[in-house]
Structures are given as structure tokens and as C-alpha cells.
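Residues per chain, in single letters:
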Amino acid sequence: MRDIQTRNDLHLLMSEFYLKLLADSKISFIFIKVAKIDLAPHLYELVDFWEQILFDNGNYRKNVLEIHTDLNQKIRLSEEHFAIWLKYLNTTIDENFAGKNAENMKTRALSIATVMRIKL
């Protein structure tokens, strides 16, 4: 398997990841009923975010913590929600990629989830 190297790799990864998230009723309602995401633009923003994080290149300028703080005011984001999110992200990465960037993405995701759980 090859490493995550391009924006297209990130798009594939986020698309596969969201297929898993949206199929799990324990978490899908947050995206569908609470956040009411429009999947295509949401995937584009996620790719922007991870491109910025992994490659220090991209156009993502939003405040991720603020977005999730606002969401947490609508529905409490629980430990279980973060655990599900991390499980599916790590699984999707492992199913599709291997290498330094793939490992970095898993590490950064854990760090982001940990900070959010503490701050929320």
C-alpha cells in the first residue's frame, strides 16, 4: 500500500470514511439531523482541512474548535461519538494507505479529538 500523498488521496479517504460514519446510527444522526451537512461541500472542506494539517498546504481557514463547540451546544458530543469517529477514521486510513503521512494523520486525529473532548 502507498502513503497519502495528494489531495485526491485525501478525497478518497474522506469519502470512504463518511460512508462508514453515515452508515452508523450511533453517530450518523449528528451529521444528518443536527449539523445537516451537505456532503459534497463538507467533503471538500475536510480535504482542505487535512491538506493543511498533513501537507501544510491548503485553503482551510475555519476554526474547527468553534464549529464543534457550536455543534456541542445543539447536541452533546460524547466520548462514544469521539471513539466512533476515531475508529472509523483509523480503519479507513489502514484499509487504504500505509506510511508516514497515514500514521501522522492518525496521530493528529487522536490529538484533535483529545483536545476537543477536553475543551467541550
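All values reported here derive from a predicted model rather than from experimental measurement.

## Re the packing of helix α2 (residues 25–34) against helix α5 (residues 79–96)
Contact pair α2 / α5: the axes reach a minimum separation of 10 Å and the direction vectors enclose 95°. One finds that α2 runs roughly perpendicular with respect to α5. Residues Lys26, Ile27, Phe29 and Ile30 of α2 form the contact with α5, whose participating residues are Glu80, His81, Ile84 and Trp85.

## Digging into the nonpolar core
With 34 residues, the main nonpolar core has Met14, Trp50, Trp85, Leu89 and Met105 as its most contacted residues. Contributions of two or more residues to this core are made by α1 (7–23), α2, α3 (39–55), α4 (64–74), α5 and α6 (100–119). Among the elements that take part in this core, α5 stands out by supplying seven residues, more than any other.

## So, the environment of Glu51
For Glu51, the location among the structural elements is in helix α3. The spatial distance from the C-alpha of Glu51 to the C-alpha of Arg7 is 6.6 Å, given a sequence separation of 44 residues. The contact partners of Glu51, leaving out residues within four places of it in the chain, are Arg7, Leu10, Asp56, Asn57 and Gly58.

Basis of the calculations
- Residues numbered from 1 in each chain as written.
- Predicted model: local features only at pLDDT ≥ 70, side-chain atom pairs only at ≥ 80, totals over all residues.
- Heavy atoms only, no water.
- Axes fitted to C-alpha atoms, helices over the stretch in contact; angles between N-to-C directions.
- Helix = DSSP H or I, 4+ residues; strand = E, 2+ residues; numbered from the N terminus.
- Parallel < 35°, antiparallel > 145°, perpendicular 65-115°, else oblique.
- Contact = heavy atoms within 4.5 Å.
- Core = buried A, V, L, I, M, F, W, Y, C linked by side-chain atoms within 4.5 Å.
- Buried < 20%, exposed > 50% of the residue type's maximum accessible area, 1.4 Å probe, protein only.

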